[in-house]
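So you can see what is in the structure, the chains are spelled out below.
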Amino acid sequence: MKDQRRVIKEIDCSAEVKDTDNILKSGSVGNKCGSKEIHLTLVSETGGADEKKLNKLNDKNEITKCPAEAVKTEDPRGWSQRELLTELDDENDPQIACYVTAPFIITQKLLCRIINDKSSMVVSHGEELVSNVISIQCTDSRIKIPFPVRIAIPFTPRYRGNYRDIMVKVSDATQHSSYMSPISLEGMYNGHKGSCAEVKTYKLGIFLVVSCLRKETFTVPRKGLALKLSMDSRIALNYLPGSFSAPVVVQSKVQPIDSTLLSGMKLRQDIYHPIISTSSLVHIKHPSTQQFRKSITVTLPCPPNPDKKRFGDETDHARAVTAMVQRRSSHRIRSMNAPVKKHGETSNESLKLLGFNSKDEEWLMMDNVTVKDLQNGLVAFEIAEHLDRFIVLRLSSSVDYSCLIPFIHELEEAIRFTMVNVIMYHKRDNFHHIVVQMVPSKDLQWELVKLREEGYRGPPEPSEEFPMREGEQLILKLCGNIKSLGNGQDMIQEYPLIFHSQRKTRLEFDLTEVDEFGNYCSPHYKGMAIFYKITKEELTQQWDGAYHMVDNQQYNPVCKLTLTLPKREKLLSRSTSVNKVISPEITSENVLYWLASKLSDEDATLLVTSLRIRRSAIQLVRLTNPDDLTDQIFKLLNMWKKNLPTSSDKIQILSRHLKRCGREDLAEELWSK
């Protein structure tokens, strides 16, 4: 009888679940977040509760699965895994925000939103965002959620290495954050295998997946320890027996230093040229209550001089004024006191250890520590005091030691920044459709190739590179005789672009002219895209979804890109008394682009020679876009067209020159176009 009553209650509960499911599937739950309208869509579950029926005929408690019920699990609370989808305004297909494993009735009451416009406020220093920023809330406050529940968030990292770890960050409305290590990073979800960071959480809020420096924790016993760090096996720590009076717990992190970062600092400051190379920046934290009884030996890589094979027999010259002469002289110094002298090695180099002490809160040159140069680019030294982080510099003989402390401060600041470029291309078949991307400078050429494959091209050319930190924003404003179009023909004043080094920052919109009778002396409408940089300190710490409005007098632009739109041909009624034959005109640049795509390299050379295009213009076009022959020919034809008088018959002239080059077929097809 107890089993029968329990079965009746479960059947009633399943009926309520079905009713709730039908109600939610019949409509959508809307929410406004920033400028995006987001709806929740629930799909069929992969697990759930079994209905149990009492088999009276056999007088046994046989468990049978009800075919009408899609929920199948042995948990009586009805746990299931469901994917929460969000339908964005600018996307046709819903996007999977996360997968939630919770009781079936709970998953029906969850509201999921993507709030990527808040990413600047939830990403901290040293973190790189690799997923969407999602908010998960329960729409019914009366429901008690049986924590913990499982949440799996899809993520896509661009760069994965030994130095960085994937963590899930949870924040609330007060911006209080905590970190969780994922249970797994790969798994099968809804029949598809993908990268998802799955965690067990005891609260709901704002979830995001970040990439941060890997932290390694180990215990040093009294008997000592010899350890190689997992993120870089070349970095070794050797604790002798009795180094501490009691077992201590040590935390370590390693920040690699890119060689291009050092090269950029040398280009900006001539005083840094004697710094040949640096080791990684090692963070290590010992308990401050435990004093060192014995020194610990540290071994880490410090790259040798990359120009050691260029060394010559010339004597050292006096320091020149320019950086070029100063670099050349530093590579010709002969060795006097090198510990190991090898053939072709630039000698008279020195190694310097710099450490940061949290007690003094400043960087110090460790003059009392001797750094030994080992083989294969490794160095070793001993320390017997607390250092929160340290780094080894390989220096030439002409170094000024007073510049080393400012160099470390500037290096720590430069690590936070990434050099980026802004790309603004238009569609080949629709000059009014624009795509804007902010990409790291090292990925610029690759992104340009992908945009050309998608049907986008310039002008304008990409901007000059400038530094951006994780989470900082660019605000795009349009000026001149060109404006943007939004929904319902509303003009949007500003476009924000949030920079995340491992996520694609992309924006697409349409352009139109402000005054159709403006720029009457030009065949194009002219305007300009101006980009203003908003730092994280300047961002408004509010959660109301309003963008940071930019005042032109308060901020200086980081880059400007010129924009042009072709004018549409107007048919004017003329008097019948005027006997003037109007020749067909090239009204669209698409015709020129079509012709450029049909010409080979040899045909293009003959055509530009016949058209008498200046050699300087040809060389300039080849330098600006060396990889796309079609774009080069198109730009040269555009130059030729602009230099001709407006009343000239450009089709007839171009056809005549094509026949001279032996392309009568293109000349005839040009008239049909």
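Residues numbered from 1 in each chain as written. Predicted model: local features only at pLDDT ≥ 70, side-chain atom pairs only at ≥ 80, totals over all residues. Heavy atoms only, no water.

Draft legend 1. Just the overall build of the protein, in detail. When you go through the protein residue by residue, the secondary structure sums to 13 helices and 35 strands. Sequence separation of at least 24 residues holds for 71% of the intrachain contacts in the protein that already meet a minimum separation of 6. Accessible surface computed for the protein: about 36,800 Å², of which carbon and sulfur atoms make up 50%. (Helix = DSSP H or I, 4+ residues; strand = E, 2+ residues; numbered from the N terminus. Contact = heavy atoms within 4.5 Å. Areas by Shrake-Rupley, 256 points an atom, 1.4 Å probe, with all protein chains shown as cover.)

Draft legend 2. Region of the structure containing the confidence of the model for the protein. Here the protein averages 78 in pLDDT, and 75% of its residues register 70 or above. This stretch, residues 311-346, has a pLDDT under 50; its non-local contacts, to residues over four places away or in other chains, come to 46 contacts. Counted against residues more than four places away or in other chains, residues 542-547, with its pLDDT under 50, gives 13 contacts. (pLDDT = per-residue confidence, 0-100.)

Draft legend 3. Main features of the side chain of E127. In this fold, E127 is placed in the loop between α3 (119-122) and β6 (128-129). Setting aside chain neighbours within four positions, we find E127 in contact with V122, K169, Y179, V210, S211 and E470.

Draft legend 4. View of the pairing of strand β13 (residues 206-213). Most of β13 sits out of view: eight of its eight residues are buried. As defined by bridge partners, β6 adjoins β13 across two bridges and the pair is classed as antiparallel. Across the sheet, residue L129 finds its bridge partner in β13, namely V210. Bridging between strand β7 (residues 134-138) and β13 involves two bridges; their strand directions are antiparallel. Of the residues in β13, the one forming a bridge with I134 is F207. Inspection of the sheet shows strand β9 (residues 164-171) paired to β13 by eight bridges, in the antiparallel sense. Following the sheet pairing, R164 is matched in β13 by L213. (Buried < 20%, exposed > 50% of the residue type's maximum accessible area, 1.4 Å probe, protein only. Pairing = 2+ DSSP bridges.)

Draft legend 5. Representation of empty space enclosed by the protein. All told, the structure shown has six cavities of 30 Å³ or more when counted by the stated rule. Quantified by volume, the largest cavity comes out at close to 60 Å³. If you trace the largest cavity, you find it lined by H426, F431, I434, P459, P460, I482, L511, L563, T564 and L565. For the lining of the largest cavity, the element with the highest residue contribution is strand β35 (residues 557-566), accounting for three residues. Looking at the lining of the largest cavity residue by residue, the class counts come to eight nonpolar, two polar and no charged. (1 Å grid on protein atoms, 1.4 Å probe; cavity = no way out; pocket = protein on both sides within 12 Å on 5 of 7 lines; lining within 4 Å. Points joined across faces, edges and corners; volume = space filled by probe spheres on them. Nonpolar A, V, L, I, M, F, W, Y, C, P; charged D, E, K, R; others polar.)

Draft legend 6. The arrangement of the environment of I434 in detail. Structurally, I434 can be placed in strand β27 (residues 433-440). Remark: the alpha-carbon pair of I434 and L507, spanning 73 residues in sequence, is separated by 8.2 Å. Not counting the four nearest positions on each side in its chain, I434 is found in contact with M424, Y425, H426, L507, E508, F509 and L511.

Draft legend 7. Geometry of the nonpolar core. Y239, L353, F381, F390 and V392 are the most contacted members of the largest nonpolar core, which has 30 residues in total. Every element with two or more residues in this core is listed here: β14 (216-220), β16 (236-239), β17 (248-255), β19 (281-285), β20 (296-301), β21 (350-357), β24 (378-383) and β25 (389-395). W594, V608, I613 and W640 belong to the second largest nonpolar core, which has 28 residues in total. (Core = buried A, V, L, I, M, F, W, Y, C linked by side-chain atoms within 4.5 Å.)

Draft legend 8. Molecular detail of the sheet that holds strand β34 (residues 524-534). Taken together, four strands build an open sheet; the order of strands is β32-β30-β34-β35 and the sheet is antiparallel. Across the chains shown, the open sheet's two edge strands, defined by having one partner strand only, are β32 (495-498) and β35. Going across the sheet, the axis of each strand differs from the next one's by a mean of 25°, ignoring polarity. Summarising the sheet, β34 and β35 pair through nine bridges and their orientation is antiparallel. In the sheet register, A529 faces β35, and the bridge partner there is L561. (Axes fitted to C-alpha atoms, helices over the stretch in contact; angles between N-to-C directions.)

Draft legend 9. Main features of unusual backbone geometry. Looking along the chain, the bond that leaves F147 and enters P148 is cis, with omega of 0°. Secondary-structure assignment places P148 in the loop between β7 and β8 (149-154). Each neighbour pair has its own omega, and for P459 with P460 the value is 5°, a cis peptide bond. Within the fold, P460 resides in the loop between β28 (456-457) and β29 (466-469). In this structure, N376 is a non-glycine residue whose phi angle is positive, near 60°.

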